Every structure is written in C-alpha cells, then in structure tokens.
Amino acid sequence: MVDLKGKAVVITGGARGLGAAAARAVVAGGGRVLITDVLEAEGAATAAELGDAAHFLRHDVTSEDDWRTTLEYATAAFGRLDGLVNNAGIASGRLLEEESVEHFRRVLEINLVGVFIGVKAAVPLMRAAGGGSIVNISSAAGLTGLPLTGGYGASKWGVRGLSKIGAVELAESRIRVNSVHPGMTYTEMTASVGIRTGEGNYPGTPMGRVGVPDEIAAAVAFLLSDAAAYITGAELAVDGGWTAGPTLRQLTGG
Ligand code: NAD
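Since we're looking at a predicted model, the values are computed, not measured.

Q: Help me understand the pairing of strand 6 (residues 175–182) in this model?
A: Each regular strand carries side chains that alternate between the two faces of the sheet. Burial analysis of strand 6 places eight of its eight residues in the buried class, which makes it a mostly covered element. Alternating positions in strand 6 separate into two faces, Ile175, Val177, Ser179 and His181 on one and Arg176, Asn178, Val180 and Pro182 on the other, with burial throughout. Two elements, strand 5 (residues 132–137) and strand 6, share six bridges in a ladder whose sense is parallel. Bridge assignment links Asn136 to a residue of strand 6, and that residue is Ser179. Across four bridges, the pairing between strand 6 and strand 7 (residues 235–238) is parallel. Residue Pro182 lies in a different strand from strand 7, and its bridge partner there is Val238.

So this is what it looks like as structure tokens:
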C-alpha cells in the first residue's frame with residue numbers, strides 16, 4: 001500500500017469509476033480527499049462510504065468559477081493541497097467524418113480545457129504547500145491513434161502534451177505533473193459500450209483482459225506519493241500491454 005499520510009488531494013469526476021477508485025486508494029493510503037463531480041447523488045454517496053477523510057462538492061470542470069469554489073473548499077477543509085487528479089472526462093466513439101463539430105468541441109472542453117483550468121487554479125495552492133503532484137488521466141487513446149475515438153483521442157493526446165509542459169514549467173516549484181494512460185477498464189463509461197469484466201474478454205490486448213478500476217487507482221496513488229518523488233513528465237501506461245505492440249497471436253496469425 002502506498003503511503004499518503006498527511007496528503008490532501010482533489011479528484012475530479014470522482015463520483016464513480018476510476019475517480020472513485022482513486023479516492024478509495026487515497027483514503028486507504030492515509031490521505032484526505034475532496035471528490036468533485038457533476039453527479040451529486042453518486043458523488044455524495046461515494047464520499048459518505050469513505051467516512052470523515054472524504055468530502056464531496058458539485059463541480060463542473062469546465063467552469064472557472066467552480067474551480068475557484070472547489071479550491072476554496074479544499075483550503076477550508078484541509079488547509080493545504082498536495083495532489084490533484086484531473087480525471088473527469090466523457091467519451092466519444094464516432095469516425096472522424098461522422099463526428100459533429102459541436103460534440104468534438106464539447107469533448108475537448110471537458111477533457112482538455114477542464115484539465116488546463118484545473119492545473120492553472122491548483123498551482124498557487126500547491127506552491128504554498130511547498131510542492132505537489134498533479135496526475136492527469138489521459139488514455140491509451142492518448143498514446144496511439146485509435147480509430148473511433150474522434151474528439152476523445154484528440155483530447156487525450158492534448159492531456160499528454162499539457163502534462164509534459166506542466167512538468168517542465170513547474171519542476172522548480174516542486175510540483176510534479178504526470179499522465180496516466182489507462183487501457184480498456186471496466187467502468188460505467190465502458191460498460192455502456194458493451195465492455196465486460198473478466199479473464200479472456202479482450203483478446204486484442206496482450207494480457208487478454210480489460211482492467212479493473214483499482215489497477216488504475218494503484219498507479220495514480222503511486223504518482224501522488226513521495227515514492228514517485230523523482231518522477232515528472234512521465235506517461236504511465238496501465239493497459240495490459242495494449243499500447244506496447246500487437247499480441248503474439250495477432251503477429252503470428254494463431
Ligand atoms: P465514468 O464515466 O465512469 O466517470 C467519469 C466521471 O466524470 C463521471 O462521474 C462524470 O459525471 C464525470 N464528469 C463528466 N463530465 C464532467 C464535468 N464537466 N465536470 C465534472 N465531472 C464530470 O468514466 P471512467 O471510465 O471512470 O473514466 C474516468 C477517466 O478515465 C476519464 O477521463 C476517461 O476518459 C479516462 N479513461 C477511462 C478508460 C476506461 O476504459 N474506463 C480508459 C482510458 C481513460
């Protein structure tokens with residue numbers, strides 16, 4: 001288990017899925033967490049499940065005002081900010097030529113502009129705390145050109161680039177910025193497009209299965225922790241080998 005004692009962390013889109021798993025990992029490591037999301041009932045229930053170490057606030061990541069309120073809340077509740085996990089996101093699954101300009105812009109607004117506003121808003125607080133760790137949730141779709149990811153893939157490549165820029169600009173302030181790239185992981189987002197959990201259910205991935213949220217959360221908790229003190233600007237694929245290359249079977253036709 002990763003040691004996060006004394007750390008105060010904000011996790012966006014934490015009502016369910018990967019964000020909720022990351023919130024559980026932070027609390028399990030001894031940290032405190034402010035979960036934010038637009039899903040109020042689910043967010044409040046997730047925080048309640050985690051007890052006194054967890055809070056919930058409604059927060060739309062595309063709103064600068066909401067970011068201000070969120071960070072004021074974190075300061076009042078924790079007195080400091082050590083970690084930010086920019087996890088909120090929405091999917092898109094159309095061919096480029098079938099994607100509408102309106103939806104493409106909406107996906108970028110939430111998945112990329114939301115991350116940018118969050119980084120900008122959190123930096124002064126982290127500086128005041130003497131440093132911090134920002135973990136931006138990109139995707140395997142931000143490491144390779146996946147078909148049918150339209151605005152989603154473009155936004156996740158953007159998150160990967162933004163993380164590198166943040167890493168070099170903020171290193172002197174002792175703020176680390178890294179991106180995590182989950183492969184296909186079983187959550188509400190992927191269940192809605194027919195992904196199932198269990199062994200042998202994802203033959204296109206070398207490990208042959210989809211991931212589960214706790215496996216992504218473990219990587220997030222590590223990057224938030226002091227065990228990752230010399231890691232910044234890294235892109236951590238947590239994808240069962242999906243972006244490492246083709247499976248042996250694909251290559252040999254077996
Ligand atoms: P999810 O849909 O279960 O959770 C996403 C959360 O983000 C939801 O609770 C949603 O309400 C919230 N959200 C959406 N728009 C928001 C907004 N404007 N402001 C605040 N919150 C908002 O999906 P998930 O699978 O848990 O995905 C979490 C992150 O991981 C996303 O960024 C997603 O792109 C990324 N990801 C997921 C997978 C996967 O296979 N599940 C793979 C790669 C990357």
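Q: I keep staring at the sheet that holds strand 7 and nothing clicks. Help me out?
A: Hydrogen bonds between backbone atoms are what pair the strands of a sheet, whose relative direction is either parallel or antiparallel. The seven strands are arranged 3-2-1-4-5-6-7 in an open sheet whose pairing can be described as parallel. For this open sheet the edge positions go to strand 3 (54–58) and strand 7, each flanked by a neighbour on one side alone. On average, each strand axis in the sheet is tilted by 20° relative to the strand beside it, whichever way the strands run. Lying over the sheet, helix 7 (residues 213–224) contacts strand 1 (8–12), strand 4 (83–86), strand 5, strand 6 and strand 7, oriented at roughly 170° with respect to strand 6.

Q: Is there a simple way to explain the site of the ligand in this structure?
A: The local shell around the ligand holds 28 residues, among which Arg16, Asp37, Tyr152, Thr185 and Thr187 are the closest. Here Thr185 contributes a backbone N or O atom positioned 2.7 Å from an oxygen atom of the ligand. Between an oxygen atom of the ligand and a side-chain N or O atom of Thr187, the distance comes to 2.6 Å. In the complex, 95% of the free accessible area of the ligand, which totals 820 Å², lies under the protein chains. Considering each element in turn, the shell around the ligand owes the most residues, three residues, to helix 6 (residues 188–191).

Q: Mind showing me how you'd approach the pairing of strand 1 here?
A: Burial analysis of strand 1 places five of its five residues in the buried class, the great majority of the element. Going residue by residue along strand 1, you find Ala8, Val10 and Thr12 tucked away on one face and Val9 and Ile11 tucked away on the opposite face as well. As paired strands, strand 1 and strand 2 (residues 32–37) are joined by five bridges and run parallel to one another. Along strand 2, the bridge assignment pairs Thr12 with Thr36. As for the winding sense of the linkage, the β-α-β connection from strand 1 through helix 1 (residues 17–28) to strand 2 is right-handed. As paired strands, strand 1 and strand 4 are joined by three bridges and run parallel to one another. Each residue of the ladder has a partner; that of Val10, found in strand 4, is Leu84.

The rules behind these values
Residues numbered from 1 in each chain as written. Predicted model: local features only at pLDDT ≥ 70, side-chain atom pairs only at ≥ 80, totals over all residues. Heavy atoms only, no water. Buried < 20%, exposed > 50% of the residue type's maximum accessible area, 1.4 Å probe, protein only. Helix = DSSP H or I, 4+ residues; strand = E, 2+ residues; numbered from the N terminus. Pairing = 2+ DSSP bridges. Axes fitted to C-alpha atoms, helices over the stretch in contact; angles between N-to-C directions. Contact = heavy atoms within 4.5 Å. Near = heavy atom within 4 Å. Polar contact = N/O pair within 3.5 Å; in protein donor to acceptor, adjacent residues only side chain to side chain. Areas by Shrake-Rupley, 256 points an atom, 1.4 Å probe, with all protein chains shown as cover. Right-handed = clockwise from strand over helix to strand, strands pointing away.

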